[in-house]
Each structure stands twice: as C-alpha cells, then as structure tokens.
Amino acid sequence: MTRHATTPFEGQKPGTSGLRKKTRVFMQPRYLENFVQATFDAIGGIAGQTLVLGGDGRFFGDAAARTILKMAAANGARRVIVGQGAWLSTPAASHLIRARSAMGGIILSASHNPGGPDEDFGVKYNMGNGGPAPESVTAAIYARTQYITEYLCLDASDPDLTTVGEAQLGTMVVEVADPVEAYADMMESLFDFNALRAMFNAGFRMRMDSMCAITGPYAVEIFERRLGAPAGTVTHATPLPDFGGMHPDPNPTWAHELMAEMMGADAPDFGAASDGDGDRNMVLGAGIYVSPSDSLAVLAANAHLVPGYKSGLKGVARSMPTSAAVDRVAAEMGLDCYETPTGWKFFGNLMDAGRVSLCGEESFGTGSDHVREKDGLWAVLMWLNILAVRQMSVAEILQDHWARFGRNYYSRHDYEALPIDQAEAMLGDLRTRLDGLKGAQFEGLSVESADEFSYTDPVDGSISTGQGFRILFEGGSRVVLRLSGTGTEGATLRVYLERYAPGPDGLEHDPQEALAPIIKATEAIVGIRERTGRAEPNVIT
Ligand code: VG1
Ligand code: CO
C-alpha cells in the first residue's frame, strides 16, 4: 500500500446527486482519488466494512472502478461487491446495499448527462439505507476535499471485473456480482409476472428504449426473458461508453425516436425510456404522453392493484416543483402527503420512518420504499401491472383519472447554459421583490403569495433553505423557479408551470396552450427573455 501525497482540488463540491464534472476533469491525476479518499474519510473510514460499487457503463467508469477498488483495499475495507463490468444501475446498487447490509456504496454516473471523454462523469456516495448521502455528509466530504493531503492506494495489478466470482485484493475480497439478477428477482417479488406474461402472450405490444445506457441488460432480462415480450422489444439495449451519442435523458426532446414511434401510426400499446443510470422513466401510451406528475398520481391511485402494494400505501411524497396531482389522490384516499425539496435524498428519511411508500419528482423520477432511489424499470412495471389488471389503455386510464380528480396541466421550461452571473442576478432580483408581488396583477393574473421554499425535515428536523421560488396565482395556478444543481456548464434555469382544471372539461387542451397565461405572467414578473436574450427554452417537458 502506498500513501500518495496530494493537495486539495478546487470545485469538488457534490451537488443534488453527488459530484458531476466533465470526464476530463475527473481524469486529471489525483482528482478522482482525492474525492474518493475524502469520501472514505468523511464517513469515518471504511476499515472492516463492506461496500457496493458500480455505474452506468459510461466512459471512464471501469477504470475509475478499478482505482476505487485498490483504494478501498488500501483503506482496509473487508469486501467490495462490484457489478460485473463495473455495471450497476442506480436502483440496483441501492438494492444491493440494502440486501447485503453494506455500509454504503459508490455509484459512478452522471445520470442523464451525456457520456464520453468530452462529456460528463460523476461519483455519488449512497448510505447504508441505500439512499443518496444527506447534505450533512456531502458537506463533510466537500470540507475534507479542501484539506486532504494524502490518499491510500494498493500497489497491485488491476482487479478483473469481467468474470463473476470472488478474488482477493490485498486483504479485501472483490466480489464481482451479476448486476441484473438480484434486481430482477426483487421485481418478480413485487409484481404479478404471471399476469404480465399473459398480457404479452395475448399480443400486448411494448417498446422500451434503453438509450444505450444501463437499463438495457435489465430490461432484456425482465421484459424479453422473464415476461416473454418479443425479442427486440427493448431497443438501444447495449450500454455503450458514449451512449452511442445519445443523450440518455428520457423526456420528449431527447427520447425523440420513442416519441415518434409512440405518436405515429401503428404505435405499440405502451412505450417507455430510461436515463443513463436507470433511475428515471418516461412512459407513453399509443398517441399519448404521460407527464411525470400525472404518472405519480396515477400510480398512487392504483398501487393497491399491484401485489407488492396490495395492503395500501403508507403515505406519498413529491418534490415541491412536482404538480399537486398526487395531492388530490392523497386527499381522496386519506393518505399523508409530503412536499420535499428537489432530490431523492429527502424521501429516504420519510421512507425509513415508515411514513411514505411512494414518491416522485416532475423530472421523470418515481419510486417506492423497495429501494431508496427512484427506479425507472420499477415504474414501467407498475404501469404494466396496472394496465394488466384494469384492462384499459394508457389513454383511457388518464382520461378516467382526470375525470375523477381533475387535471393539473403541467410543463417545465429549461434554459440551459446561461451565464452563471446572469442567472444568479435574475433570481437575486426576484428574491428582493418577493414581498411586493403579493396582490399585484400580471397579465390579468393576480398573485396570491410568493416565497422561497425551505424545508424542515419532519423526521430529523434538519432545515434546507433556498429550495426554489414559488409564485402562487389565484385559482391554484403557480410557477416555480430554481437553478439546477446537476449541470456541468453554466447555470440551468428551470421554470415549472402548473394550472389546475377541475372536472372532466378541457381534456383535449394542449398543456402549453392551457399554461399560456401563466407563461406570460412569469415573463412579466421575471423577464427571462428580456434578461437572457433567449427567445425560448431549450427543453420543454
Ligand atoms: C435534477 C432534477 C431532480 C433530480 C436530480 C437528480 O436536478 O431536477 O428532480 O432529483 O436531477 O436526478 P436539478 O438540480 O438539475 O434540477 V438523476 O436522474 O441525475 O439522479
Ligand atoms: Co438518473
């Protein structure tokens, strides 16, 4: 084992989902090593511990995994369970941490950001509950990166990650595990695989777009092998280091091949896509897109039809920018409903305390207490199981849902790669004007309230401030604005728009049309176009 002298690097500050940087930044000498050693130090050392390790197959992932294994061995870990080929989807990693009672795990991914030598890489630490590290831990990691002087690494040849089995690395065991099997078994324990097999057998047609990212092998095993969907149901099924040039972000803009197929003639009954690390999902029916906020609400209203949730839900949670569609379901079904800041880590406390079993975000993330991460394929299986029980199409389920609960029109507008100063100044100005907005009229809409969201965790009492601006208009419409914490270039402004329409009327409306008054009022209040010179958002979901 060698102690390598090192010095702190600037900017090793983990955000919403770990540390994300350009791949070449991570590949600088000692950069990855500093961050990983800082992580080990910040969690109190890993001597005698078991860890889980894996990632989404992106460029530099396998090299990073081999380095981390040698560092874990030098730091005295007892065992590291690593996915074969350094592959593990984020939900599969979360499951392994829990199933094997590991101290925690390291996930190598920049999620939905593109991969490759000139794109993005990321490192994220998950805790023993299987969920992302809370702010107290990421702050401790960052603090440690600022005065680190050495890291430990074993002088050994690189461990082999291609073959399943155990090998010794110094005094540590490297356990190379099949990345798919345990996860697929868990899915089989939650869902009615017999009913799903029968549905595929009867000719149900599905398209799953894995976008050349990590869910490919999982989706082929589950849908094609275990459930009998025809070979080729899963497309872009092989994880590639650069995701085949795709941007593995499952939204209408980036999953455009799937969109075209699902909106075209002869569309399959059901379509889905997932992101780089497999925790996000987009679902569609023939000719119809399901907004993530609606998806969460539909899953909440129908979860009891799925074997794993047949005794009902403990409660539900959504991130603040997610629409209130699920709140309406919770109110009618008598469930507790929590509103948390953006990012999955806030849900973990609620799930560990047994307060919620289903949660979701507007950013195509849905999940339950089966793991402590959002889970793309789980959400797809929830939908399939509900379709199999209700014997209705996706469009019929949505129509039925809106007729019963009303419809929360919803859209998110993203302005990417803005100059950081400009974006911060724009929201800084808004902050100083919040108090004066109340009661004022903009484009015919009057503001009911305006504030900046802060959250007190009901379980541990921790407080998170500055979690986004909320402007509520009369009649239950609102706009939320916040800056992304996961980008690697400039600042990304996210504008979340919502308008509630009670009852079954207006179902034929396009969300952008339905939201037009709120879009106009937002421009009048914030002046996004005027201040950034951007005529329109880069991405609309
Ligand atoms: C985005 C999403 C957020 C999500 C986060 C991580 O964060 O908005 O809802 O939890 O990504 O998802 P931000 O700060 O860029 O808005 V993933 O799939 O990257 O783990
Ligand atoms: Co992700």
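About the criteria used
Residues numbered from 1 in each chain as written. Chains lettered and ligands numbered in written order. Predicted model: local features only at pLDDT ≥ 70, side-chain atom pairs only at ≥ 80, totals over all residues. Heavy atoms only, no water. UniProt positions renumbered as here; feature names shortened; annotations may be inferred. Helix = DSSP H or I, 4+ residues; strand = E, 2+ residues; numbered from the N terminus. Donors = N, O, S within 2.8 Å, 3.2 Å for Na, K, Ca; no water. Buried < 20%, exposed > 50% of the residue type's maximum accessible area, 1.4 Å probe, protein only. Near = heavy atom within 4 Å. Polar contact = N/O pair within 3.5 Å; in protein donor to acceptor, adjacent residues only side chain to side chain. Nonpolar A, V, L, I, M, F, W, Y, C, P; charged D, E, K, R; others polar. Pairing = 2+ DSSP bridges. Core = buried A, V, L, I, M, F, W, Y, C linked by side-chain atoms within 4.5 Å. Contact = heavy atoms within 4.5 Å.

For the protein chain, an unreviewed UniProt entry supplies the name phosphoglucomutase (alpha-D-glucose-1,6-bisphosphate-dependent) and the organism Thioclava indica. One UniProt comment on the protein chain, placed under Catalytic activity (unreviewed entry), says "alpha-D-glucose 1-phosphate = alpha-D-glucose 6-phosphate". Per UniProt, the protein chain has the following entry under Cofactor (unreviewed entry): "Mg(2+)".

Our focus in this paragraph is the UniProt feature "domain: Alpha-D-phosphohexomutase alpha/beta/alpha" (unreviewed entry) in the protein chain. Mapped onto the present numbering, the UniProt feature "domain: Alpha-D-phosphohexomutase alpha/beta/alpha" (unreviewed entry) falls on residues 12-150, 182-284 and 293-405. Counting secondary structure, residues 12-150 comes out at 37% helix and 23% strand; the distance between its end C-alpha atoms is 16 Å. Note that residues 182-284 is 37% helix and 15% strand, and that its end C-alpha atoms are spaced 27 Å apart.

A separate point is the coordination of the cobalt ion (ligand 2). The protein atoms donating to the cobalt ion (ligand 2) are Ser111 (OG), Asp275 (OD), Asp277 (OD) and Asp279 (OD), with metal-donor distances spanning 2.0 to 2.1 Å. In primary sequence terms, the donor set of the cobalt ion (ligand 2) follows S-x163-D-x1-D-x1-D. Residue classification places Asp277 among the buried residues on the basis of a relative accessible area of 4%. The exposure class assigned to Asp279 is buried, which follows from its relative accessible area of 3%.

Close contacts around ligand 1 come from 19 residues, with Ser111, Ser363, Gly485, Thr486 and Arg494 the closest. In this structure, Arg20 approaches ligand 1 through a side-chain N or O atom, which is 2.7 Å from an oxygen atom. Between ligand 1 and Gly485 there is a distance of 2.6 Å, counted from an oxygen atom to a backbone nitrogen or oxygen. The residue makeup of the shell around ligand 1, split by class, is no nonpolar, 10 polar and nine charged.

Before going further, it helps to examine the pairing of strand E10 (residues 206-209). Both faces of E10 are covered, namely the face carrying Met206 and Met208 and the face carrying Arg207 and Asp209. The sheet contact formed by E10 and strand E11 (residues 234-235) spans two bridges and is parallel. If you follow Asp209 over to E11, its bridge partner there is Thr235.

One finds Met187, Phe223, Phe270, Trp378, Leu381 and Leu384 to be the most contacted residues of the largest nonpolar core, which totals 72 residues. The biggest single contributor to this core is helix H13 (residues 376-390), with 11 residues. In this structure Trp378 touches Tyr183, Met187, Leu190, Phe191, Leu299, Tyr309, Leu358, Thr366, Gly367, Ser368 and His370, once residues within four positions along its chain are discounted. Grouped together as the second largest cluster of nonpolar side chains are 44 residues, Leu69, Leu108, Ile148 and Val174 included.

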